[in-house]
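Here is how the chains run, residue by residue.
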Amino acid sequence: MTRADVLEAWGSHLAQARRRSAHTTRAYLATAARLLDFLGKDITVSVTWAELARCTSEDLRRHLAARRAGGIGNASAARELSALKAFLTFARQQAGDDAAAPPRVRGPRVKKGIPRPVTPDEAVNLASMADELATDDWIGARDRAVLVLLYGSGLRISEALSLTGAVMPLGDRLVVLGKGNKERVVPILPIVRAMIEDYLAKCPWPVSADTALFRGAKGGALSQGMVQKAMARARTALGLPQTATPHALRHSFATHLLGAGADLRSLQELLGHASLGSTQIYTQVDAATLLDVYRNAHPRENDS
């Protein structure tokens, strides 16, 4: 079996059996390829699943130490270790040793950061500014529609850009395909619907059921990079920090719903989180927001 066979089998397992996204599959494949390089399994060397299954904790520690020496931080090292353990578990299954656990290696401690939401006014201003700064009227309408959709419905940027013309005409809800190819229903506010319809009325490219809803300047599917650039220009013009990213709009959607009384289970469904633990971070965000309000408004705090 060649190195290419190993990576092909691993990639197929991730994409089909585990239903991982294309982005995750690429990252896990790259991680597996680096381990094969470290173990000396280059393109000219044959390899067996049994060999990979014998990879030890010491092998992983030395590989990760080399990666750390190359400059990756704690968060990247932790992600790499998780991917390596998944790969070696797969190798053991392929070798017929399903019961064996992957090497026991403790990953680095990673402090979870609290998302930095923008205020409702800032979210609206960012969308409007992106519209104003665009080089063409239709591109401005497109950028505004995308940003308002992220904030109004809590979509990931990849989810918004994967929408096709088949979602039109929009109603008051939308079915989106999230991580792990899991469908969920999100709300569509009237203002979001109106801005998407305005963009489509101005878009010079025909949008059909099998083409991307949001189009790039040359007619292809709009890329994440272009949305991020539009957001960066808008936040600079408004004097907002670099944490005001497209993904921050999703954080803001969650934080503002929680602050308005939404329960965590409902929020979990709206965000498409696999576990409630991922959603619970927004309780910290809301607590941080309340603390800021307290510090800014409480007379004793201001007198100190």
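Look above for the structure.
Right, let's walk through the structure included here. (Residues numbered from 1 in each chain as written. Predicted model: local features only at pLDDT ≥ 70, side-chain atom pairs only at ≥ 80, totals over all residues. Heavy atoms only, no water.)

A separate point is the packing of helix α2 (residues 22-38) against helix α5 (residues 74-94). When two helices pack together, you describe them by how their axes are tilted relative to each other and by the distance separating the axes. Relative orientation of the contacting elements α2 and α5 amounts to 80 degrees, with a least axis distance of 9 Å. It follows that α2 is roughly perpendicular to α5 by the angle criterion. Contacts between α2 and α5 involve Tyr28, Thr31, Ala32, Arg34 and Leu35 from the former and Glu80, Ser82, Ala83, Leu84, Ala86, Phe87 and Leu88 from the latter. Taken together, the residues that form the contact of α2 with α5 break down as 8 nonpolar, 2 polar and 2 charged. (Axes fitted to C-alpha atoms, helices over the stretch in contact; angles between N-to-C directions. Helix = DSSP H or I, 4+ residues; strand = E, 2+ residues; numbered from the N terminus. Parallel < 35°, antiparallel > 145°, perpendicular 65-115°, else oblique. Contact = heavy atoms within 4.5 Å. Nonpolar A, V, L, I, M, F, W, Y, C, P; charged D, E, K, R; others polar.)

Our focus in this paragraph is the nonpolar core. Within the largest apolar cluster, 41 residues are counted, with the highest numbers of intra-cluster contacts made by Leu147, Leu149, Leu155, Leu163, Leu174, Ile196 and Phe214. Contributions of two or more residues to this core are made by α6 (120-133), α7 (137-153), α8 (157-161), β1 (173-177), α9 (190-202) and α10 (224-238). Broken down by element, the residue count for this core peaks at 9 residues, all from α7. Setting aside residues no more than four positions away along its own chain, leucine 174 makes contact with Leu163, Val167, Arg184, Val185, Val186 and Ile188. (Core = buried A, V, L, I, M, F, W, Y, C linked by side-chain atoms within 4.5 Å. Buried < 20%, exposed > 50% of the residue type's maximum accessible area, 1.4 Å probe, protein only.)

Let us look at the pairing of strand β2 (residues 183-187). By the alternation rule, side chains of β2 split into Arg184 and Val186, which are all buried, and Glu183, Val185 and Pro187, of which none is buried. Across 5 bridges, β1 lies against β2 in antiparallel orientation. Counterpart to leucine 174 in the pairing with β2 is valine 186. (Pairing = 2+ DSSP bridges.)

Next up on the list: the packing of aromatic side chains. Inspection of every chain in the model, using the stated rule, returns 5 aromatic pairs. Note on tryptophan 10 and phenylalanine 90: the rings are 5.3 Å apart at their centroids and 35 degrees apart in plane angle, and the pair reads as tilted. Here tryptophan 10 is found in helix α1 (residues 3-17), whereas its partner phenylalanine 90 is found in helix α5, with 80 residues between them in sequence. The two residues tryptophan 10 and phenylalanine 90 agree in class, both being buried. Between the aromatic rings of tryptophan 49 and phenylalanine 90, the centroid separation amounts to 5.3 Å while the plane-to-plane angle is 85 degrees, which identifies the pairing as edge-to-face. With tryptophan 49 in helix α3 (residues 49-53) and phenylalanine 90 in helix α5, the pair connects residues that are 41 residues apart, well separated along the chain. Aromatic ring contacts, followed pair by pair, group Trp10, Tyr28, Trp49, Phe87 and Phe90 into a single cluster. (Phe/Tyr/Trp six-rings, centres within 6.5 Å; stacked < 30°, edge-to-face > 60°.)

On to α2, then. If you check α2, its first and last C-alpha atoms are 24 Å apart, about what 17 residues at 1.5 Å a residue would give, namely 24 Å. Among the residues making up α2, those that are buried are Thr25, Tyr28, Thr31, Ala32, Ala33, Leu35 and Leu36. Looking at the buried positions of α2, the neighbouring elements they touch are α1, α3, α4 (57-69) and α5. A positive phi of about 80 degrees marks glycine 40, the residue just after α2. (Expected span 1.5 Å × (residues − 1).)

In this section: the packing of α6 against α7. Viewed as axis vectors pointing N to C, α6 and α7 meet at an angle of 160 degrees, and their least axial separation amounts to 7 Å. In this view, α6 runs roughly antiparallel relative to α7, as classed from their interaxial angle. The chirality of how α6 crosses α7 is right-handed. Here Pro120, Ala123, Leu126, Ala127, Ala130 and Asp131 of α6 lie close against α7, whose contacting residues are Asp137, Gly140, Ala141, Asp143, Arg144, Leu147, Val148 and Tyr151. (Left-handed = near helix turned anticlockwise from the far one by under 90°.)

This part covers the pattern of salt bridges. Under the counting rule described, the total for this entry stands at 12 salt bridges. Between arginine 144 and aspartate 198 there is a salt bridge, and its shortest N-O distance comes to 2.8 Å. Of this pair, arginine 144 sits in helix α7 while aspartate 198 sits in helix α9, placing them 54 residues apart in sequence. The residue glutamate 159 makes a salt bridge to arginine 184 at a minimum N-O spacing of 2.8 Å. Of this pair, glutamate 159 sits in helix α8 while arginine 184 is found in strand β2, placing the two residues 25 residues apart along the sequence. Each member of the pair glutamate 159 and arginine 184 is classed as buried. In the salt-bridge network here, residues are joined through shared partners; they are Asp131, Asp137, Arg144, Asp198 and Lys202. (Salt bridge = Lys/Arg side-chain N within 4 Å of Asp/Glu carboxyl O.)

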